[in-house]
Amino acid sequence: MSAQPDLLYSEEEEALRAAVRDLLTDHCDPAGVIARTESDTPHDLPLWKTLADSMGLAGLLVPESLGGQGATHREAAVVLEELGRAVAPVPYLTSAVVATEALLACGADDLLTELASATTVAALAVGLHVSPEGAVPHVRLENGALRGELTGIADAAVADVLLVPADDGGLYAVRTADAAVTVTPQVSLDLTRSVARVRLDGAAGPRLGDAGPAVRRALRSGAGLLASEQLGLADWLLTETVRYLKERKQFNRQVGGFQALKHRLARLWLEVAGLRAAARNAADALVTGADTDVAVAVAQAYAAHVAVRAAEEALQLHGGIGMTWEHPVHLYLKRAKADSIAYGTPGAHREALAEAVDLRAP
Amino acid sequence: MTDAAHLRRRTEELLAAHPPATTDRLDFLRARFDAGLAWVHFPQGLGGLGVPRSLQAVVDAELAAAGAPDNDPRRIGIGLGMAAPTILQYGTEEQKSRLLRPLWTGEEVWCQLFSEPGAGSDLAALGTRAVRDGEDWVVNGQKVWTSSAHLARWAILIARTDPDLPKHKGITYFLCDMTDPGVEVRPLRQITGEAEFNEVFLTDVRIPDAMRLGEVGDGWRVAQTTLNNERVAIGGTAVPREGGMIGKIAATWRERPDLRTHDLHQRLLGLWVEAEVARLTGVRLRQQLVAGQPGPEGAGMKLNFARLNQEISGLEVELLGEQGLLYDDWTMRRPELVDFTGRDAGYRYLRSKGNSIEGGTSEVLLNIVAERVLGLPAEPRTDKDVAWKDLAR
């Protein structure tokens, strides 16, 4: 802990942010996202292809030698801030971060090349709620074929490849095109990152490596970078609520001039500023490897409350319009609430922290 | 030669000419000031060399390594943090050359005569009067919450010089000699039992016009320099992980397994996370300052600091159980320093109640964040165009 983490954004990171934001402004407006949630294709694969083709985001964490960008978690975090701001329904976190980390841990170069080119979307077949230290459900390996059911798998509905932990301790790559694989969407709280049930009836696929360390690494990166998505959600919610309260007039004055509301927004701003520091710290620690477990646990123990509260405050302060299906604030509330469970609840991360910093339970 | 190398060489020359081991402490500090190594961003001749403030670290590191004495900055924080930057910005050449050297060496302690019983959050409503009499001003009034007044040689003072103008416009800033016979300092005992602060009664105190800082009627603007520096001083110091109060309760938790309950554990972990996030926010703020992109986070640092101190110390008293029923010492004392970690949890609990009041209440700071950072509408100002003498009081 001698070296200070770099908690700022570099010029390159700001340029990446601007490019992603421009693209999302053009291709991912709130009305479009709401309409898509009720269509047959809640995931926006055309947008995903655009992000991948024009900016190489699908392979941001993949080494250049495998066709990726060879960037770091710091850049991925900036992308997630922007995707969070837009509640973009694309499999970036699940495929380009979590599944990619598992594949990197296994040295699965061929699949990494496929992912980097965005011809393939992958999902780690571990329930979205599982924390980096949590118990990982698995399927059975019987005579070389995989059998069993896994639930709560985020973005499985658009995955071409599932990375499946089996009871022999291995991590297997299974193609969803395989007739022995059934993916059934579950009706999900989060309309823009739905989960699905995966059923394997004798599916076959290569063993990529040991599931234990690969899954842990994937979930830890997922948890650490999720904080940046949560920051993006909270930042949009605060900005949009402040904008609305300057515009909305009641009692012959701007609603944002009432001190009761000003103080609530000022407190929220303070929490968002804290989340920014914690999220940058987690992203930087994932790059440097210094103090990573503590940095990730701190960010995740803090972020959920901020993102959820930002959404709840936004809804309340928008008044009746915030309660309508038409206004996008519900997309953010649903994402923020689901994110508070994703990769471990704040309580699970506090528990991990209790061990890591020697503040043990009674 | 780079600035850093130049500073290192000058520091070595200072150390060679005045070896700390054999030099009187004050002599060393005066020599350091005269060498321009006191605050390097100040101008030459006033304890500095006119180089960037960030280079002070180069000098401090060299001097610390050589075991040189320092000027005990915590004891003279008001002088260093508030009076000095204001005198530097608005002072005459005579004021700067007379006052800054003994201020920096600590030979002359400074205090701040701003708040009044009738002017707290609404400081600009202050009523202490200064009336011109020949070459002097004659000052009458009462100030309060003045730390170090009983030790101070000088005070920064704001007083009303024109009650017929609206409140912000009729204020003038003075440098007040605390040895004037009209200055009476009385200790103000607090809920902790001790008297960190004073009440200061000013009765026909004579201040020469040469000790006015800035123009007549411009005191509010001058005071902004002082107040901005105060908030930086209160919320902006660097701390390591578990620095401050969270470190005390964490140590108790580790040493006393018998006190642990599940409820206390959850609350402790929650506050530990918040304290760590507040610390990281401060780290980020300083990185922004160093990179020349000051962020608005500074406005919120003191809000965090106040709330966390109060919640953590409150939890600590509860954690201690039977011992939490006790208090270390109610004796009326006059401490020179506020030491949050040197006393028991009960003291921390009581003293931290002041953190959300002193240096701008949390409610006022929330207004500042809402208006200056978020751009929300300002509070209605019914007093803006009213003469001070006609305000409700």
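Residues numbered from 1 in each chain as written. Chains lettered and ligands numbered in written order. Predicted model: local features only at pLDDT ≥ 70, side-chain atom pairs only at ≥ 80, totals over all residues. Heavy atoms only, no water.

Spelled out, the test is: UniProt positions are given in the numbering used here, feature names are shortened, and annotations may be inferred rather than shown by experiment.
As named in an unreviewed UniProt entry, chain B is Acyl-CoA dehydrogenase family protein, taken from Streptomyces plicatus. On record in UniProt, under Sequence similarities (unreviewed entry), the comment for chain B is "Belongs to the acyl-CoA dehydrogenase family." According to UniProt, the comment filed for chain B under the heading Cofactor (unreviewed entry) is "FAD".

### Focus: the overall build of chain B
Stated precisely, the cut-off is as follows: What counts as a helix is a DSSP run of H or I of at least four residues, what counts as a strand is a run of E of at least two, and both are numbered from the N terminus. Radius of gyration: over C-alpha atoms. The globule rule applied is 2.2 Å multiplied by the number of residues raised to the 0.38 power. Any two residues whose heavy atoms approach within 4.5 Å are treated as being in contact. Asp and Glu count as negative and Lys and Arg as positive, but His and the ends of the chain are not part of the count. Charge coordinates come from a single atom per side chain, which is NZ of Lys, CZ of Arg, CG of Asp or CD of Glu.
Each helix and strand counted, chain B has eleven helices and eight strands in total. By the compact-globule yardstick of 21 Å for 393 residues, chain B fits well, its C-alpha radius of gyration being 23 Å. Projected onto its principal axes, the C-alpha positions of chain B cover 70 × 60 × 45 Å. Partitioning the contacts of chain B with sequence separation of at least 6, the portion at a separation of at least 24 is 70%. Positive and negative side-chain charges of chain B, numbering 47 and 55 respectively, have mean locations separated by a distance of 2 Å.

### Focus on the packing of helix α8 (residues 259-288) of chain A against helix α9 (residues 292-317) of chain A
Residues and elements named next belong to chain A. Stated formally: Every angle, taken between N-to-C directions, lies between 0 and 180 degrees, and every axis is a line fitted to C-alpha atoms, over only the stretch in contact when it is a helix. Orientation labels follow simple angle bins: below 35 degrees gives roughly parallel, above 145 gives roughly antiparallel, 65 to 115 gives roughly perpendicular, and whatever is left gives oblique. Take the far helix as your reference; a near helix turned counterclockwise from it by less than a right angle gives a left-handed crossing, and one turned clockwise gives a right-handed crossing. Following the grouping adopted for this structure description, the nonpolar residues are Ala, Val, Leu, Ile, Met, Phe, Trp, Tyr, Cys and Pro, the charged ones are Asp, Glu, Lys and Arg, and the polar ones are all others, Gly among them.
Contact pair α8 / α9: the axes reach a minimum separation of 8 Å and the direction vectors enclose 150°. One finds that α8 runs roughly antiparallel with respect to α9. Pair α8 / α9 crosses with left-handed handedness. Tallied by class, the residues present in the contact of α8 with α9 amount to 17 nonpolar, five polar and five charged.

### Observations concerning empty space enclosed by the protein
Space left empty within the atom packing is revealed by a probe, the size of a water molecule, rolled over the atoms. Residue and element names in this part refer to chain A. The cut-off we apply is this: Grid spacing is 1 Å over the protein atoms alone, the probe is 1.4 Å, and a cavity is where that probe fits but cannot get out, while a pocket is an open set with protein on both sides within 12 Å along at least five of seven lines and lining residues have an atom within 4 Å of a point. Grid points are joined across faces, edges and corners, and a volume is the space filled by probe spheres set on the points.
Taken as a whole and judged by the stated rule, the model has two cavities of 30 Å³ or more. In this structure, the largest cavity spans a volume of roughly 90 Å³. Around the largest cavity, the lining residues are Thr94, Val98, Ala123, Leu124, Val126, Gly127, Leu128, Ile153, Ala154, Leu219 and Tyr343. Counting only elements with at least two residues in the lining of the largest cavity, the list comes to α5 (92-106), β1 (122-124) and β3 (145-154). Around the second largest cavity, the lining residues are Leu80, Leu83, Gly84, Ala88, Val90, Tyr92, Leu93, Arg193, Glu229 and Arg335. A per-element tally of the lining of the second largest cavity places helix α4 (residues 73-85) first, with three residues. Each residue belonging to the lining of the second largest cavity can be placed in one class, and the counts come to six nonpolar, one polar and three charged.

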